[in-house]
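So you can see what is in the structure, the chains are spelled out below.
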Amino acid sequence: MKEQDIILKATNISKQYRLGVVGTGTISHDLNRWWSSIRGKDDPYLKVGESNDRSTKGESEYVWALKDINFEVKKGEVLGVIGKNGAGKSTLLKILSKVTGPTTGEIKTRGRIASLLEVGTGFHGEMTGRENIFLNGAILGMSKKEIKSKIDEIIEFSGCQRYIDTPVKRYSSGMTVRLAFAVAAFLEPEILVIDEVLAVGDVEFQKKAIGKMQDISRGEGRTVLFVSHNMAAVKSLCTRGIVLENGKIVFEGDSNASINFYLDNAYKMSSKPIFERKDRKGNFKLKIQDIYAENHQAIRVGELHSGEEYKIVFEYKKFKDIIPKQFTIVLQFKNENDEIVNTIATDEIGTVFNHIKDEGRIEIQIPKLQFREGNYSMNYMISEKPSFNTPHVVIDYLQDAFAMQVLKGDYWKSGILNRPKGFIQEASINIA
Amino acid sequence: MHKTETTQDWLYTISPKRKMIDLNFKEIWRYRDLLFLFVKRDVITQYKQTVLGPLWYFIQPLFTSVIFTLIFNNLAAIPTGDGIPSFLFNLAGITSWNYFSSCLTGTSNTFTANRGIFGKVYFPRVITPLSVVVSNLIKFGIQLLVFTCFYLYFVFFTDKAENAVPQLAIVLLPVLIMFMGLFGLGFGMIISSLTTKYRDLTFLVGFGVQLLMYASAVMYPLSYFKEKVPEYAWLVEYNPMTTIIELFRYMTLGIGDFSMSNFMYAGLISITFFLIGLIIFNKTEKSFIDTV
């Protein structure tokens, strides 16, 4: 790799945060810091930080959100930054966009960095779309002249022509994002930083946005750093990826390899026995002890086949009283791209429980498995919910609790194995 | 590729260590359009969805002056000098005080009020308090116009204002206004930086500004205070806002005395506050998002 091609270089970037309540004790900490800086010593609080593992309770009140991050980005590259919630992605982007400084290390760049604002930050509700384009553009570092020369394109791209002279407070959230994205897309920084904006906006706009980002990187040779949970978007957009975990880079490689590494990790997580898991949430009036699948002969199975009959079994222990009528179970199934593809929810079905034993099994009957071949991961949430429209009081919640490997099956009993990907829709077809 | 050649063309470096003052004037200049757009935003949006709109700019000082005249001059009988209408005296004090106090309160919450946008995108943070000072200057300009109208009314249509004569020193008025702005800005930046860590200050600013007004000779002449309460007169006398307001009244109405040393004193204090504010603000802007 030629040195000249590197547009951004991060060396030993670390970021420390203080946990708990800021306020008490800050004066004394400040004084300590000041005292050691006078004596020419290092910051005394820099040593104590621990790695940023959310689920384990650490000793010190300082924590490293990022630790010794090193990477390089070439010109025209689209770098995807992937990782679970709290892995340090947003912190990294914040440092890159100069919103907050690193605790140690430095980043060198050969171009302007601009970051795409999240939904409507910097928009003023009382001002019209047009006025906000100017304001937002200026916030992102464009001059008035630059914006003026591009305003027609921006408005057209946003697809908000009709509302452009209406105050933004009357916009839907989707329209606000369109407008925000449009402004940023026509910004001409050498490096564009984008954080999960595509989550909002309809499919048509998402396509448009991804297309525009591809143009930006391929056509115009600009560099994009893209942070997202949307693996499909990362896949179609990025040329390279880095995977963050607990503030460290655990993988670096081309985008497909990074996505696979990340998903494998998540999948591995879900194969781990759940009583060992520390990332569970809830009040634990009841706790799930084990999850497994059984076939129609009540034998535990590791692999499932489309079209067969199964039971998903949750073994539980109850520790405190729960009103059975309010007891709710929601299961979410995710595909390999980390997208939720199916949900089973008792409050939706209308299941009402009459009795919950101190210890027992929750059995989810699946008469004919409609998943096609692939690896799926399941989240569960057990909660108390007085009525359909009231919020859940979480009893036990775990993401990636159970890994489900589905193999090809013969759903229709037609002698033909089902194709992979997606679902099998119960249907019959006639020509009339 | 030669290493020496390539290391030079890094555009900029993001790193933790900072110099005492790290103001990139070139960058601030590059963002000048943002300053104007912020000012425009403040001016347009302030009175949106109000019936009276910009009329509020007039109503505030006028009503306050009327009340002050009723209470302090008619009721408490504070003299404002022969041949000078008390109303005009108060309007002068309030107009100049308002500019300072709106700069101070407007900038003192810079970090807390803008943390949403500061947390998402970088631009020279100092643009935000600067825009407050500039948009208040516009408001001040309008109020100064109101003051002029009343002044002309009293001079030409009544015989109460025979001694209200602008002094030659009025040529220094723009400089004095700059001092007011800088003082408010500097003070506000100091407070805004400290409030990111110590929220106590937000409570202090609210009533602190009001208390300060009573100690700034807004509704009484300094000379009268010295005569009545000599033991606390230093409190009012060394308050730079007193000096500024007295100077303002001297320039426009010809009351009180003018000395170059007073003028220099006001200037020195304002510039000192501004510089201290700038340094503290500059130090805070990089780390505040973690503490706010």
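Above this text you will find the structure in question.
So, how was this worked out
Within each chain, residue numbers correspond to sequence positions counted from 1 in written order. Chain A is the first chain written and ligand 1 is the first ligand written, with later ones labelled in order. Where totals are concerned, whole chains, interfaces and linings use all residues; where local detail is concerned, this predicted model gives features only for residues with pLDDT of at least 70, and gives and counts side-chain atom pairs only at 80 or more. Side-chain metrics rest on all non-hydrogen atoms present in the structure, leaving aside hydrogens and water. The helix count covers DSSP runs of H or I at least four residues long, the strand count covers runs of E at least two residues long, and both are numbered beginning at the N terminus. Summary of the burial criterion: residues with accessible area below 20% of their type's maximum are buried, those above 50% are exposed, and those between are partly exposed, where the area comes from a 1.4 Å probe applied to protein chains only. A contact between two residues is defined here by any heavy atoms of the two lying within 4.5 Å. Take the accessible area each of two parts loses on contact, using a 1.4 Å probe, and add the two losses: that sum is the buried area. Salt bridges, as used here, are contacts in which a Lys or Arg side-chain nitrogen is within 4 Å of a carboxyl oxygen on Asp or Glu. In protein, a polar contact means a hydrogen-donor-capable atom and an acceptor-capable atom, both N or O and within 3.5 Å, with residues adjacent in sequence counting only if both atoms are side-chain atoms; elsewhere, any N or O pair within 3.5 Å suffices. Gly falls in the polar group here, along with every residue not listed as nonpolar (Ala, Val, Leu, Ile, Met, Phe, Trp, Tyr, Cys, Pro) or charged (Asp, Glu, Lys, Arg). Strand pairing follows a simple DSSP-based rule, namely that at least 2 bridges must link the two strands. Think of each axis as a best-fit line through the C-alpha atoms, taken over the contacting stretch in the case of a helix, with angles from 0 to 180 degrees between the N-to-C directions. Put simply, angles under 35 degrees are roughly parallel, angles over 145 are roughly antiparallel, angles from 65 to 115 are roughly perpendicular, and the rest are oblique. A clockwise turn of the near helix away from the far one marks a right-handed crossing, whereas an anticlockwise turn of less than a right angle marks a left-handed crossing. For each structure, a 1 Å grid was placed over the protein atoms alone; sets of points admitting a 1.4 Å probe that cannot get out are labelled cavities, open sets with protein on both sides within 12 Å along at least five of seven lines are labelled pockets, and lining residues have an atom within 4 Å of a point. Grid points are joined across faces, edges and corners, and a volume is the space filled by probe spheres set on the points. Residues belong to a common nonpolar core when they are buried Ala, Val, Leu, Ile, Met, Phe, Trp, Tyr or Cys residues joined through side-chain atoms within 4.5 Å.

Notes on the overall build of chain A
Move 1: A count of helical and extended segments in chain A gives nine helices and 19 strands.
Move 2: Scored against the burial criterion, the 432 residues of chain A give a buried share of 47%.
Move 3: Of the contacts made within chain A by residues no fewer than 6 positions apart, 70% connect residues no fewer than 24 positions apart.

Re the interface of chain A and chain B
Move 1: The partner chain B presents 39 residues to the 50 residues of chain A that form the contact.
Move 2: Taken together, the two surfaces of chain A and chain B that pack against each other cover about 4100 Å², and 61% of this comes from carbon and sulfur.
Move 3: Taken together, the connections running from chain A to chain B amount to one salt bridge.
Move 4: Here Lys98(A) and Glu27(B) are joined by a salt bridge, their closest N and O atoms 3.7 Å apart.
Move 5: Where chain A packs against chain B, one counts one residue pair in polar contact (both at pLDDT 80 or more).
Move 6: Elements that contribute at least two residues to the side of chain A that touches chain B include exactly strand E1 (6-18), helix H1 (26-38), helix H2 (89-96), strand E5 (104-109), strand E6 (113-115) and helix H3 (129-139) of chain A.
Move 7: Here the side of chain A that touches chain B takes six residues from E5(A), the largest share from any one element.
Move 8: Classifying every residue of the side of chain A that touches chain B by side-chain character gives 18 nonpolar, 16 polar and 16 charged.
Move 9: With three bridges connecting them, E5(A) and strand E1 (residues 12-14) of chain B associate as antiparallel partners. Bridging across to E1(B), Thr109(A) finds its partner in Tyr12(B).

Let's talk about the packing of H3(A) against helix H3 (residues 32-46) of chain B
Move 1: Taken N-terminus to C-terminus, the directions of H3(A) and H3(B) make an angle of 140 degrees; their axes are 9 Å apart at the nearest point. On the basis of their axis angle, the class for H3(A) and H3(B) is oblique. Two packed elements cross with a definite hand, and for H3(A) against H3(B) that hand is left-handed. In this structure, H3(A) uses Glu131(A), Phe134(A), Leu135(A), Ala138(A) and Ile139(A) to contact H3(B), whose residues at the interface are Leu34(B), Leu37(B), Phe38(B), Arg41(B) and Ile44(B).
Move 2: Looking at the contact of H3(A) with H3(B) residue by residue, the class counts come to eight nonpolar, no polar and two charged.

Notes on empty space enclosed by the protein
Move 1: Enumeration over the complete set of coordinates arrives at one cavity of 30 Å³ or more.
Move 2: Of the pockets and cavities examined, the largest cavity occupies roughly 30 Å³.
Move 3: Surrounding the largest cavity, Met127(A), Glu131(A), Phe134(A), Leu135(A), Leu37(B) and Lys40(B) form its lining.
Move 4: Contributing elements (two or more residues each) for the lining of the largest cavity: H3 of chain A together with H3 of chain B.
Move 5: For the lining of the largest cavity, the leading source of residues is H3(A), giving three residues.
Move 6: Along the lines of polarity and charge, the residues of the lining of the largest cavity split into four nonpolar, no polar and two charged.

Thoughts on the side chain of Arg41(B)
Move 1: Looking at the secondary structure, you find Arg41(B) in helix H3.
Move 2: In contact with Arg41(B), not counting residues within four places along its chain, are His124(A), Met127(A), Leu135(A) and Gln46(B).

Re the nonpolar core
Move 1: With 127 residues, the main nonpolar core has Ile133(A), Phe226(A), Phe123(B), Leu176(B) and Leu253(B) as its most contacted residues.
Move 2: In terms of residue count, helix H5 (residues 86-108) of chain B provides more of this core than any other element does, 11 residues in total.
Move 3: When neighbours within four sequence positions are excluded, Ile133(A) is seen to be in contact with Ile147(A), Ile151(A), Ile154(A), Ile155(A), Ile164(A), Leu179(A) and Val183(A).
Move 4: Counting residues in hydrophobic clusters, the runner-up holds 31 residues, among them Ile322(A), Ile364(A), Ile366(A) and Ala401(A).

Considering the sheet that holds strand E18 (residues 374-384) of chain A
Residue and element names in this part refer to chain A.
Move 1: The strand order across the open sheet formed by five strands is E13-E19-E18-E15-E16, and the pairing between neighbours is mixed. Taken across any chain shown, the strands that pair with only one partner, and hence form the sheet edges, are strand E13 (303-305) and strand E16 (340-345). Strand-to-strand twist in this sheet, taken as the mean axis angle between neighbours without regard to direction, amounts to 30 degrees.
Move 2: Across eight bridges, strand E15 (residues 327-334) lies against E18 in antiparallel orientation. Residue pairing for E18: isoleucine 329 is matched across the bridge by isoleucine 382.

Describing the pairing of strand E19 (residues 393-407) of chain A
Residue and element names in this part refer to chain A.
Move 1: Pairing of E13 with E19, which is carried by three bridges, proceeds in the parallel orientation. Residue pairing across strands places glutamate 303 opposite glutamine 405, the latter belonging to E19.
Move 2: Where E18 meets E19, 10 bridges bridge the pair, whose relative direction is antiparallel. Residue pairing in the sheet places methionine 381 in a bridge with tyrosine 397 of E19.

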